[in-house]
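One letter stands for each residue in the lines below.
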Amino acid sequence: MAGWGGFFVSLLNYKTEKYVIAENRKIGILFRLYQLAVLGYIIGWVFVVKKGYQEREEAIQTSVITKLKGVTLTNSSETGLHLWSSEDYVIPPNGEQVFFVVTNYIETPNQRLEFCAESYKVPDGRCQSDDDCPAGEAVIAGNGIKTGVCLNSTGTCEIHAWCPVEYSKRPTEPLLNEAENFTIYIKNFIRFPKFEFSKSNVLETSNDSYLKKCSFDRNYNPYCPIFRLGDLVSWTGNDFQEMATKGGSVGILIEWDCDLDKDASLCKPEYSFTRLDVNVNNSVTSGYNFRYARYYKNESGESYRDLYKVYGIRFDIMINGKVVVISATFTHRAVPEFKTRC
Amino acid sequence: MAGWGGFFVSLLNYKTEKYVIAENRKIGILFRLYQLAVLGYIIGWVFVVKKGYQEREEAIQTSVITKLKGVTLTNSSETGLHLWSSEDYVIPPNGEQVFFVVTNYIETPNQRLEFCAESYKVPDGRCQSDDDCPAGEAVIAGNGIKTGVCLNSTGTCEIHAWCPVEYSKRPTEPLLNEAENFTIYIKNFIRFPKFEFSKSNVLETSNDSYLKKCSFDRNYNPYCPIFRLGDLVSWTGNDFQEMATKGGSVGILIEWDCDLDKDASLCKPEYSFTRLDVNVNNSVTSGYNFRYARYYKNESGESYRDLYKVYGIRFDIMINGKVVVISATFTHRAVPEFKTRC
Amino acid sequence: MAGWGGFFVSLLNYKTEKYVIAENRKIGILFRLYQLAVLGYIIGWVFVVKKGYQEREEAIQTSVITKLKGVTLTNSSETGLHLWSSEDYVIPPNGEQVFFVVTNYIETPNQRLEFCAESYKVPDGRCQSDDDCPAGEAVIAGNGIKTGVCLNSTGTCEIHAWCPVEYSKRPTEPLLNEAENFTIYIKNFIRFPKFEFSKSNVLETSNDSYLKKCSFDRNYNPYCPIFRLGDLVSWTGNDFQEMATKGGSVGILIEWDCDLDKDASLCKPEYSFTRLDVNVNNSVTSGYNFRYARYYKNESGESYRDLYKVYGIRFDIMINGKVVVISATFTHRAVPEFKTRC
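Residues numbered from 1 in each chain as written. Chains lettered and ligands numbered in written order. Predicted model: local features only at pLDDT ≥ 70, side-chain atom pairs only at ≥ 80, totals over all residues. Heavy atoms only, no water.

Rule in force here: UniProt positions are given in the numbering used here, feature names are shortened, and annotations may be inferred rather than shown by experiment.
Under the UniProt heading Catalytic activity (unreviewed entry), the entry covering chain A gives this text: "Ca(2+)(in) = Ca(2+)(out)". The UniProt entry for chain A carries the following comment under Subcellular location (unreviewed entry): "Cell membrane".

The structure is reproduced here in C-alpha cells:
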C-alpha cells in the first residue's frame, strides 16, 4: 500500500471527527436551551427588530421645485425706491434646489466705462506718485486698469473702469428686513425606480386653499410644505436680522424613511434645518455676498450699468431617502449564526 | 502537577479533535465528490459568474456639457412676434447638467413702478373698504404694497407695484409647441481616477458630419448623443404637448458599467428616461413655472421691465457608473467557504 | 427507547467532539506561538493599523462659497473696448460650487429682429432656388425661420432672425488671456451632523491681511484658500492659454480625512486638480462654449440685443470627507478570527 498506489487509495478514505454522545439530561437541556437562545436571537433580533429579511433600496431619484412669495419696498437715500419681488430677490429665479435670497444690498447706479479714482479700500490702488500706477496694469483685487496717473486728491491711482466705483459700506441693518416674512413653497418628488414607488411631500388630501394659507409647524402643520424664512433661520438657532445683514448659508434636509410593507400614506418626509457656514468654534463667519450688474444702452448706443452687491441667505435643499420592503428570498441575507456548524 | 505549576505546564499541551478514518471507498468517493462540488461552486460561481476576483471602483468623476439647438417664432396677439433661440429658452444658458426649456409663457411688457389695482386672483388683495387695505402692508402672495385705498372699480386694494400687474391666464396650448423638434446634444465625460481611465459618450469614430445629422435611437443609433425633446418626453410615457402646456420635470439617467478586462470600446453608456414629478397615483401635478424680468431704462433714467412667467420642462441629467478590473491580490476577497474548516 | 419516546429523549443528548490532549511540549509551544501570532495580527493589524475599533461616518454636509477677483480690458477691432470684471466673466455670478469663467468670446452687437441671410456654415440654410427655403420652416441647427426666398448673393435662405447673424470665427488667441492671473477664493465648510463637528478650510489663525495677499502653494502655503487660475490649470497638466482659447472643464477635489481622536487642528483639507473633459486617449476635445444675450429697448420700444458666444473654463468643486472616532462598543465590529472556535 506504499508509494503512489497507497496515496491514491488514501484519497478515498473519509476522515471525520469522533463524537461523544453524553446521555446526561441536565447537560442536554442546557445545550438545547443554548440552541433555542441562538434561534430566538435570530428570529427576535435579526428578523423582528432589525427586519433583516427586508430589502433596502437607497437608489432614489428626486426632484425639487421651489417657489418664493413676498414683496417688499426698500427706500435708500442714495438710490430711491426699489420694489423687490421674487423674480428679483431669488437668484437664480428658476425654482432650483439651491437658491439665494437677497436680504441686503449696495447699489451703484449708472456706472459708465470711464476714468476715475480707485477705491482707497483696495491696498494695491493706493499711490504716492505716478510710478506706483504703471499704465495698463490691473489693480490687484481692484476695479480697473491703471492709467499711469496717481491722483493726489484721493491718494489712489486713476483707473479705467466702470465709474464711479462701488461705494463699499454695507448697511448695518438689512434693507430687506421684511424678508423674514417671505415664504418658500418646497415641492419634493421622490422615486424609487426599483420598486416603481413615487411620492411627493405635498399630501394628496391637501386642497389648493389649504396650500394658499398654511405655514409649516413641526407640531401643528407637519405636512404643509410652506416655510417662513424667519422660522427657517430661527430653527437653525440663528437670528434672522443678524444673518440677513451679512448673509449666510442654511441647509434644509428632507428625509424619507419608507416601509413599503406598511401603507404608503405612512411614508412621510421629515424636515431638519442647519446653518452650514459655521466654524468648529461657531465663530461668526464673514457672510455671503456677490455682485451682479444690469446693462443698459442710451440712444447713442453707449453702455452703462447698475451694479448690485447683494448680501443674503443661500438655501440648500438636501434629500435623503431609503425604502424597505419584504424580499422574496432570504438566501442572500447574511445570518452568520447559520454558517458555523461547530 | 497541581497549582500554578500544573497550569503553566498545561498551557503547553496541544488539544485536538480525535479523527476516525473510514476506509470505505463508497463513502470516500462521496466525500471527495462533495469536496469537488464545493470547489466547483467556488470556481464556477464566485470566480466565473460573479467575478469575485475583480475589484470594484465606484468613485467616478463626471462632467456634462449640454447644448440645445432649434429656433421658433411665437406670435401672441398681446405682445406680438417673438423669436426664441437657445440663448432665450434654455435657463440657465450655460450648458449645465440641470436646465430648463421654456415651452409656454405669459409676457407682461413695459411694467413701471407705479400705483395700480391688485389682481382679483390674490385673496389678500380683495377689499370692501379702505380699512381692508392698511397702507404700507405687503399683499400676502401678491404683487405689491398696499397704499391704503380700496378701488371700487376692481374690488381690490390699490398697490405700489410694477404696473400693470400680470395678466394671469396661461395659454391652453403651448406657445412654443415646436419645441418638440428642438434637440439636446449631451456630452458626458467620465473618469475613474483610481484606474486612470476616462471615456466620453461621444464615440471617437464619430465624425463631425455624423454628429450634425444623427438622432438618438435605442436600436438604430444607440451611440448618437443627440436627442429630440419630443422623443425624450414620449420615452417617459408622457405626451409632449400636454407636458409643454403646464411644465414638468424629466430625468435622463446615463449608466456606465465598464469591465476594464475587456476592450475599452465595450464600455458604453446606457440611457434611460423617467418623469420625476409624479405622485404615487400618477395624478397630474401642477407643473413647473417661474418668473423672470428684463430691465430697461428710458432716456430720463426711469426703469421699466418686461415680466415673463415661463412654463417648461426641467431636464436633470444623472450619471451612475462603476468599473471592474482584475485585482492583483485575492487575499482581501471574502470567500466564506474557505473559512469553515470543520 | 424506540419510536417517538426515543426521539424526544435523544433530543436531550449532548453531542460533542472527542479531544486528544497531546502533552508534547514542542507541539504545545508551536501551538501557543500560532495563537499568539493570530492575537498579534488582530491587535497589530486590525486595531493599530486599520483602526478597526473606530466608527466611520461619511454623511457629510458641505457648503462652498467661491469668489473671483481680477479685471481685464479687451479691445477687439469689431466691437471696441470691454472691461471684464468678475460680475461679467463668472457665470452664474452667485458664488456657486460649479461656475464658468469666460476666457474668450465672439460678440455680435445690436442685433434686431429682421430679415437677413442665414450663415453659410449652416448646411440646412444653403439653397439653389426658393424651393429649398420653404416659408415658415425653421433652419435646422440654424438661426431663424425661412421666409421662402433664396438669396443668390450668399447662396443661403433669407431668414426671419436676430440680424445680422453671428460672425462665427473664434479668435485663435484668448481675448481674456490675462484671466491666467485671476484668483479664486474658495470657502468650504464641512459638518458631520452625527458628531456635531464642523470645520472650514480657512484656518482660524488666518488674519484678513494674510487672506488678501496669499496664494495657494502645496508646499509653502498649503492652507491659503486662494488659487491663481493659471496655476489650477497647469496642475491638471494642461496649458492655460490653449485651454482658454477653446474652453474646457476642470475639477477641484477637496478631501477631508479627519480623525476626531486627534486634535481638530489636524483635520485639514487636501486639494487635487484634474481635467474632466478628457477622452480615453487624451485627444483634444471640442471645448466648452455657450451663448447668452443682453436685451435693450430703444426710445420707440423696439427690442435689440447684444449676443455673446463665450468660451471658457468650467470649474467644478467636489467635496469628499470622512471622519473617524473611537466607538463606545466593539461588538458590532467584524473580527472574523473570533468567530471560528475550531
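Additional details are given in the paragraphs that follow.
## A few points about the packing of aromatic side chains
This is how the line gets drawn: Only centres within 6.5 Å qualify two rings of Phe, Tyr or Trp (six-membered ring in Trp) as a pair; their planes then separate them into stacked at under 30 degrees, edge-to-face at over 60, and tilted for everything else. Secondary structure elements follow DSSP: runs of H or I of four or more residues count as helices, runs of E of two or more count as strands, with numbering from the N terminus. Burial status follows relative accessibility: with a 1.4 Å probe on protein chains alone, a residue under 20% of its type maximum counts as buried, one over 50% as exposed, and anything between as partly exposed.
Per the stated rule, a full pass over the model turns up 51 aromatic pairs over all chains. Their ring planes at 65° and their centres at 5.3 Å tell us that Phe100 of chain A and Tyr288 of chain A sit as a pair that is edge-to-face. Linking Phe100 of chain A in strand E8 (residues 98–117) with Tyr288 of chain A in the loop between strand E15 (269–275) and strand E16 (289–297), this pair joins segments that are 188 residues apart in sequence. Taking the relative accessible area as the measure of exposure, Phe100 of chain A reaches 1% and is therefore buried. What makes Tyr288 of chain A buried here is its relative accessible area of 1%. Between Phe216 of chain B and Phe273 of chain B, the ring centres sit 6.4 Å apart and the planes meet at 65°, which makes this aromatic pair edge-to-face. With a gap of 57 residues between them, Phe216 of chain B in the loop between helix H4 (208–213) and strand E13 (226–228) and Phe273 of chain B in strand E15 (residues 269–275) connect regions that are remote in the sequence. There is no split in this pair, since Phe216 of chain B and Phe273 of chain B are both buried.

## What about the pattern of salt bridges?
Side chains bearing opposite charge may pair, as long as their charged atoms lie close to each other. Defined as follows: Any carboxyl oxygen of Asp or Glu that lies within 4 Å of a side-chain nitrogen of Lys or Arg is treated as forming a salt bridge with it.
Per the stated rule, a full pass over the model turns up 33 salt bridges over all chains. Note that Glu87 of chain B and Arg305 of chain C form a salt bridge whose closest N and O atoms lie 2.8 Å from each other. Here Glu87 of chain B, found in helix H3 (residues 86–89), pairs with Arg305 of chain C, found in strand E17 (residues 303–326), and the two come from separate chains. The exposure class assigned to Arg305 of chain C is buried, which follows from its relative accessible area of 3%. A salt bridge links Asp124 of chain C to Lys146 of chain C, with the shortest nitrogen-to-oxygen separation between them at 3.4 Å. With Asp124 of chain C in the loop between strand E8 (98–117) and strand E9 (145–151) and Lys146 of chain C in strand E9, this pair connects stretches of sequence that are 22 residues apart. A relative accessible area of 25% places Asp124 of chain C in the partly exposed class. Classification of Lys146 of chain C by relative accessible area gives buried; the value is 4%.

## Some details on the interface of chain A and chain B
The accessible area lost on association of the parts is a frequent measure of interface size. To keep it simple, the criterion reads: Any pair of residues with heavy atoms lying within 4.5 Å of one another is described as a contacting pair. Two parts placed together each lose some accessible area; with a 1.4 Å probe, that loss summed over both constitutes the buried area. Think of a polar contact as two N or O atoms within 3.5 Å of one another; within protein, one of them needs to be a possible hydrogen donor and the other a possible acceptor, and neighboring residues in sequence only count if both atoms come from side chains. Under the scheme applied, nonpolar residues are Ala, Val, Leu, Ile, Met, Phe, Trp, Tyr, Cys and Pro; charged residues are Asp, Glu, Lys and Arg; polar residues are all the others, including Gly.
Chain A puts 46 residues into the contact, and the matching count from chain B is 61 residues. Three residues, Leu12, Tyr14 and Leu83 of chain A, lead the burial of chain A against chain B; their summed loss comes to 14% of the area buried on that side. Where chain A touches chain B, the interface holds eleven residue pairs in polar contact (both at pLDDT 80 or more). Ranked by residues supplied to the side of chain A that touches chain B, first place goes to strand E4 (residues 61–69) of chain A with seven residues. Here the residues of the side of chain A that touches chain B sort into 16 nonpolar, 13 polar and 17 charged.

## Topic: the relation of the copies chain A and chain C
We count it as follows: When the copies are superposed, the least-squares fit takes in the C-alpha atoms of residues with a pLDDT of at least 70 in both.
Of the two same-sequence chains, chain A is brought onto chain C (RMSD 0.3 Å, axial shift 0.2 Å) by a rotation of 120°. Such a combination of turn and shift is consistent with a three-fold rotation axis. When C-alpha positions in chain A are compared against the rotation axis, the closest is assigned to Lys18 of chain A, at 3.1 Å. Taken as a fraction of all interface residues of chain A, those also at the interface in chain C reach only 8%, which identifies the copy contact as different-surface.

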